[in-house]
Amino acid sequence: MLRFFLLFVVLLAVLFGLELTPWVQDWFVIPWTNALARISTWIVTLFDGNVVATGKVMRSNTNGFAVSIEAGCNGVEATLVLLAAMLAFPAPWKHKAVGLVIGILAVQLLNILRVISLFYLGQWNYDVFEWAHLYVWQALIMLDVLVVWLIWVRRVPRTDDSRGPPSAPTALAAG
Amino acid sequence: MTDGTPPDQAEREGRGAKHFIKSPLTRFILAAIAWLPVTFGSWYLLGPVLLWPVRLLVQLICRIGLSDVVRGVEVGGSSIAFLTTLKPGEGMGAGFISVDVNMLVYAFGMPLFAALTIAAREEKWWRTLAIGYAVMVPFVAWGVLADFLKGIALVAPAAVASQTGFSGLQREMIAFAYQFGSLILPAVVPAVLWVLLHRAFLERLRRRAG
């Protein structure tokens with residue numbers, strides 16, 4: 001457990017540090033955030049044609065309301081947490097790869113739902129938008145990461161190493 | 001009882017066809033989602049009480065390490081106002097700068113942790129809640145302080161920021177502390193804590209799957 005925890009913390013700190021570097025921002029974070037705005041807008045235009053994306057901003061042509069997808073709302077940090085948690089957990093690399101692909105997809109899909117829901121909540125009621133934006137969606141995205149990780153951990157073949165991480169003391173586990 | 005799980009534990013997890021949903025993981029996820037509105041509502045209403053230790057810790061840190069910049073700290077509900085020794089600058093009027101920080105922004109992990117803990121239905125969950133809360137308080141204080149420091153060192157006009165006397169390296173460190181304290185810690189700490197405090201629960205989930 002200690003090994004998993006320390007590895008997770010180190011990996012997360014390194015990944016987060018990398019995320020903040022100008023190179024990663026320019027080549028990954030900003031393009032991804034812009035793509036997220038475009039994907040969300042494309043989905044919205046299936047039922048609401050008066051929405052456009054400009055860079056990382058989604059704007060309604062009907063009333064001028066716009067949301068800008070900032071750091072923390074682009075799902076990158078949640079992805080890094082999942083990445084660190086899966087890499088730190090003792091599991092075959094094949095399982096890690098499959099888990100990461102499916103897990104990142106699950107996190108990003110929910111994040112698209114977050115962006116779209118906030119876009120409409122903001123047009124409806126700004127107080128509700130703030131509540132959902134600052135508190136509720138942050139918690140839901142982290143819950144999503146945790147659930148994805150739990151499902152993945154359950155499917156990881158048990159080895160001597162992988163008994164460790166979420167393991168309990170023998171007396172507790174064996175009852 | 002083929003896997004050695006104690007009878008009371010098995011009963012808590014609802015084995016024995018009493019539960020419509022058989023997977024303990026699915027049951028746990030649904031329970032956590034169901035508890036979230038309750039814990040969020042309670043957290044919001046009790047915010048000033050729950051964040052009182054955060055305020056004390058922030059006050060203590062300001063007194064010890066930031067007394068040249070912070071004259072005092074005032075609390076209104078779940079917000080905290082840092083009364084600084086910094087002046088607005090020439091032509092901007094008299095008085096001192098104050099910086100408001102919404103503490104709830106850094107404390108949303110509390111209701112998340114509570115929902116997860118209650119949903120897991122482990123023994124002594126009240127104790128687990130108390131431990132989790134106590135561990136989260138310093139991390140919330142981190143976020144609040146980093147937000148304040150960002151406000152005076154990075155966001156404030158140059159005439160104000162220059163009065164802080166922070167070096168370039170210190171400003172970089174404040175920027176990193178703020179980013180880490182706002183983007184990572186508030187969400188990750190409750191999840192990691194929950195995993196660390198529910199190892200037996202997680203082990204049972206794994207055993208059922210395997």
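That block above? That's the structure.
So, here's what we can say about the structure. (Residues numbered from 1 in each chain as written. Chains lettered and ligands numbered in written order. Predicted model: local features only at pLDDT ≥ 70, side-chain atom pairs only at ≥ 80, totals over all residues. Heavy atoms only, no water.)

## A few points about the overall build of chain A
Reasoning step 1: Secondary structure summary: chain A contains 6 helices and 3 strands in total.
Reasoning step 2: If you list the helices and strands of chain A from N to C, you get α-α-β-β-β-α-α-α-α.
Reasoning step 3: Over its C-alpha atoms, taken along the principal directions, chain A stretches across nearly 60 × 40 × 25 Å.
Reasoning step 4: In chain A, which comprises 175 residues, the proportion classed as buried is 46%.
Reasoning step 5: The long-range fraction of contacts in chain A, counting pairs at least 24 apart against all pairs at least 6 apart in sequence, stands at 67%.
Reasoning step 6: A total of about 8,600 Å² of accessible surface is found on chain A, and carbon and sulfur atoms cover 70% of it.
Reasoning step 7: Here chain A holds 11 positive side-chain charges and 10 negative ones, and the gap between their average locations is 12 Å. (Helix = DSSP H or I, 4+ residues; strand = E, 2+ residues; numbered from the N terminus. Buried < 20%, exposed > 50% of the residue type's maximum accessible area, 1.4 Å probe, protein only. Contact = heavy atoms within 4.5 Å. Areas by Shrake-Rupley, 256 points an atom, 1.4 Å probe, with all protein chains shown as cover. Lys, Arg positive; Asp, Glu negative; His and termini not counted. Charge placed at Lys NZ, Arg CZ, Asp CG, Glu CD.)

## Some thoughts on the sheet that holds strand β3 (residues 98–102) of chain B
Residues and elements named next belong to chain B.
Reasoning step 1: Spatially, β1-β2-β3 is the arrangement adopted by the 3 strands of the open sheet, whose pairing is antiparallel. The outermost strands of the open sheet, each flanked by one partner alone, are β1 (70–76) and β3. Direction aside, the axes of adjacent strands within the sheet are offset by 20° on average.
Reasoning step 2: When strand β2 (residues 79–84) meets β3, the two strands line up antiparallel, connected through 5 bridges. Bridging from a neighbouring strand, isoleucine 80 pairs with valine 101 of β3. (Pairing = 2+ DSSP bridges. Axes fitted to C-alpha atoms, helices over the stretch in contact; angles between N-to-C directions.)

## Regarding helix α5 (residues 126–155) of chain A
Residue and element names in this part refer to chain A.
Reasoning step 1: Counted at 1.5 Å a residue, the expected span for α5 with its 30 residues is 44 Å, and the 42 Å between its end C-alpha atoms agrees.
Reasoning step 2: Approximately 45° is the largest bend angle found in α5, and it occurs at alanine 132.
Reasoning step 3: Where α5 starts, the residue carrying a side-chain oxygen 2.9 Å from the main-chain nitrogen of aspartate 127 turns out to be asparagine 125. (Expected span 1.5 Å × (residues − 1). Bend = angle between axes of the 7 residues up to and from the residue. Polar contact = N/O pair within 3.5 Å; in protein donor to acceptor, adjacent residues only side chain to side chain.)

## Some thoughts on the layout of surface pockets
Reasoning step 1: Within this model, the largest pocket holds a volume of roughly 830 Å³.
Reasoning step 2: Lining the largest pocket are 39 residues, with Glu70, Ala71, Gly72, Cys73 and His133 of chain A positioned closest to its centre.
Reasoning step 3: Of all the secondary-structure elements, those providing two or more residues to the lining of the largest pocket are α2 (22–44), β3 (66–68), α4 (93–124) and α5 of chain A together with β3, α6 (125–155) and α8 (168–197) of chain B.
Reasoning step 4: Here the lining of the largest pocket takes 6 residues from α5 of chain A, the largest share from any one element. (1 Å grid on protein atoms, 1.4 Å probe; cavity = no way out; pocket = protein on both sides within 12 Å on 5 of 7 lines; lining within 4 Å. Points joined across faces, edges and corners; volume = space filled by probe spheres on them.)

## What about the side chain of serine 60 of chain A?
Residue and element names in this part refer to chain A.
Reasoning step 1: Positionally, serine 60 belongs in strand β2 (residues 57–60).
Reasoning step 2: Take serine 60: its relative accessible area is 3%, and that puts it in the buried class.
Reasoning step 3: Looking at serine 60, its side chain comes within polar contact range of the main-chain nitrogen of threonine 62, at 3.2 Å.
Reasoning step 4: Apart from residues lying up to four places away in sequence, serine 60 is in contact with Asn50, Phe65, Phe119 and Gln123.

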